[in-house]
Amino acid sequence: MSTDEQARSGYSLAQQIEALRDYAAREGHEVAEEVLDPGQSGASLERPGMDQVRDLVAAGGVSVVLAQDRDRFAREPAYLYLLKTEFAEYGTQLRAFNDRGDDSPEGEFFDGVLDQLAKLERAKLTERSRRGKFQKVRQGKLLAAAPRPRYGFRYNASRDGYEVDVETMTVVRRILRMFGEGASIHGVRDALEREGVPAPSGGRRWSRTTVKNIVLDDCYRPHTIEELETLVTREVVARLEPGKLYGVSWWGRRRTSIKQVSENVPEGRRYRRSARR
């Protein structure tokens, strides 16, 4: 279970394990292993727990692999079919509480239809969420997706906008002033570290990327209302105070997808996350 799924659905790993134990006891199964995948999403098969399950099945002696829901094995119908075919070679069944069919061709077809419907529903939820975020942005509100705001700001009480944090914004102004006077990104970073200015992460080490992001981010650049009229809706412009300068926080300009992959290393198997932007 991924962390965001648990927060959304309200059911936990402990609840799933308890339900599976009860089912195994009723059906007379001997539990060979309980495998948990905390913080993992069923969108990928590259998961520590799933790798462990596949190794257990390959070792032999496993008759059934149980999960509370079919999408705990995998969210993609193609992945489910792959697992089912792979496990069948070892005489192992894949079973979930929400199975609706059986091992007959008709049963497999029915479960396949349900898997595709579940995939469609997830896609619709994602699209509705995206439209909701887009509407909020068009209203001039900030999407406080990150746990920590940009350096120099803090979230307002409703977490839909920024307020200036005077202490850290003083450092931001200094960074921009040094860069404007000809200092390089490296030079700005080295100066901050020499003077012991705390980094946004709380340590003493400033990364080059952090300084570069501050220099390039439109959130720190002054925009006149005339400039903003070409970027935001009339309703947002009407709420702004004439003569003042404003920063801009963009949403949706860059899309990032995270994929988890496993690698074989001398110590065993290692997992890393690959980001595509």
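The structure this text deals with has already been given above.
The structure presented is a predicted model; accordingly, all values stated were derived computationally and were not measured.

Visitor: Looking at this structure, I do not really get the overall build of the protein. What am I missing?
Guide: When helices and strands are tallied, the protein shows 11 helices and six strands. Across the 277 residues of the protein, 29% fall into the buried class. Considering only residue pairs separated by 6 or more positions, the protein has 48% of its internal contacts joining residues 24 or more positions apart. For the protein, the exposed surface amounts to about 18,400 Å²; the carbon and sulfur share of it is 50%. Taking the 48 positively charged and 43 negatively charged side chains of the protein as two groups, their mean positions are separated by 8 Å.

Visitor: Just checking my understanding: could you explain unusual backbone geometry for this structure?
Guide: Note on backbone geometry: most residues besides glycine have negative phi, and most peptide bonds are trans. Residues other than glycine seldom take positive phi values, yet Arg159 does so here, at roughly 55 degrees. Mapped onto the elements, Arg159 comes out in the loop between strand S3 (153–155) and strand S4 (162–164).

Visitor: Help me understand the environment of Leu228, please; the structure alone is not making it clear to me.
Guide: Along the polypeptide, Leu228 turns up in helix H10 (residues 225–228). A relative accessible area of 4% places Leu228 in the buried class. Along the sequence, Leu228 and Gly61 sit 167 residues apart, while their C-alpha atoms lie 66 Å from each other. When sequence neighbours within four positions are dropped, the list of residues in contact with Leu228 reads His223, Val237, Leu240, Tyr246 and Val248.

Visitor: Where do I start with the pairing of strand S5 (residues 257–265) in this structure?
Guide: Within a regular strand, the side chains alternate between the two sheet faces. Of the pairings in the sheet, the one linking S5 to strand S6 (residues 268–276) comprises nine bridges and is antiparallel in character. What sits directly across from Val261, in S6, is Arg272. Here S5 folds back onto S6 in antiparallel fashion, the turn holding two residues.

Visitor: Looking at this structure, I do not really get the nonpolar core. What am I missing?
Guide: Among soluble globular proteins, nonpolar side chains are generally buried collectively. With 19 residues, the main nonpolar core has Ile175, Leu192 and Trp206 as its most contacted residues. Counting only elements with at least two residues in this core, the list comes to helix H7 (166–180), helix H8 (185–194) and helix H9 (208–216). The element that contributes the greatest number of residues to this core is H7, accounting for five residues. Of all hydrophobic cores here, the second largest spans 14 residues; its members include Met50, Val62, Leu94 and Ala96.

Visitor: I keep staring at the environment of Ile258 and nothing clicks. Help me out?
Guide: Tracing the chain through its elements places Ile258 in strand S5. For the pair Ile258 and Thr210, spaced 48 residues apart in sequence, the C-alpha to C-alpha distance is 21 Å.

Visitor: What's the story with the packing of H8 against H9 in this structure? I'm lost.
Guide: Packed helices, taken two at a time, are described by their axes: the angle between them and the distance between them. Put simply, H8 and H9 touch, their axes get as near as 9 Å, and they point 115 degrees apart. Viewed along their axes, H8 and H9 adopt a mutual orientation that is roughly perpendicular. Here the hand of the crossing between H8 and H9 comes out right-handed. Only Arg208, Val211, Lys212 and Val215 of H9 make contact with H8, whose side of the interface consists of Ile185, His186, Val188 and Arg189. Across the contact of H8 with H9, the residue classes tally to four nonpolar, one polar and three charged.

Visitor: Even after reading the chapter, I still don't get H8, so can you show me in this structure?
Guide: For an α-helix the count is 3.6 residues per turn, leaving residues at separations of three or four pointing the same way. Within H8, the full set of buried residues consists of Ile185, Val188, Ala191, Leu192 and Glu193. The secondary structure elements touched by the buried residues of H8 are H7 and H9. Gly196 sits one or two positions beyond H8 and adopts a positive phi of about 70 degrees.

Visitor: Looking at this structure, how should I read the packing of aromatic side chains?
Guide: One pair of aromatic rings is described through two measures. These are the centre distance and the angle between the planes. Inspection of every chain in the model, using the stated rule, returns six aromatic pairs. When the centroid spacing of 5.7 Å and the interplanar angle of 25 degrees are considered together, the rings of Tyr155 and Tyr162 count as stacked. Classification of Tyr162 by relative accessible area gives partly exposed; the value is 24%. Here a set of aromatic residues connected by ring pairs shows up, and it is made of Phe153, Tyr155, Tyr162 and Tyr220.

Visitor: Quick question: what am I supposed to make of the side chain of Arg70 here?
Guide: Here Arg70 shows up in helix H4 (residues 70–73). With a relative accessible area of 14%, Arg70 lands in the buried category. When residues no more than four places from it in sequence are discounted, the contact partners of Arg70 are Leu80, Ala96, Asn98, Asp99, Asp111 and Asp115.

About the thresholds
- Residues numbered from 1 in each chain as written.
- Predicted model: local features only at pLDDT ≥ 70, side-chain atom pairs only at ≥ 80, totals over all residues.
- Heavy atoms only, no water.
- Helix = DSSP H or I, 4+ residues; strand = E, 2+ residues; numbered from the N terminus.
- Buried < 20%, exposed > 50% of the residue type's maximum accessible area, 1.4 Å probe, protein only.
- Contact = heavy atoms within 4.5 Å.
- Areas by Shrake-Rupley, 256 points an atom, 1.4 Å probe, with all protein chains shown as cover.
- Lys, Arg positive; Asp, Glu negative; His and termini not counted.
- Charge placed at Lys NZ, Arg CZ, Asp CG, Glu CD.
- Pairing = 2+ DSSP bridges.
- Core = buried A, V, L, I, M, F, W, Y, C linked by side-chain atoms within 4.5 Å.
- Axes fitted to C-alpha atoms, helices over the stretch in contact; angles between N-to-C directions.
- Parallel < 35°, antiparallel > 145°, perpendicular 65-115°, else oblique.
- Left-handed = near helix turned anticlockwise from the far one by under 90°.
- Nonpolar A, V, L, I, M, F, W, Y, C, P; charged D, E, K, R; others polar.
- Phe/Tyr/Trp six-rings, centres within 6.5 Å; stacked < 30°, edge-to-face > 60°.

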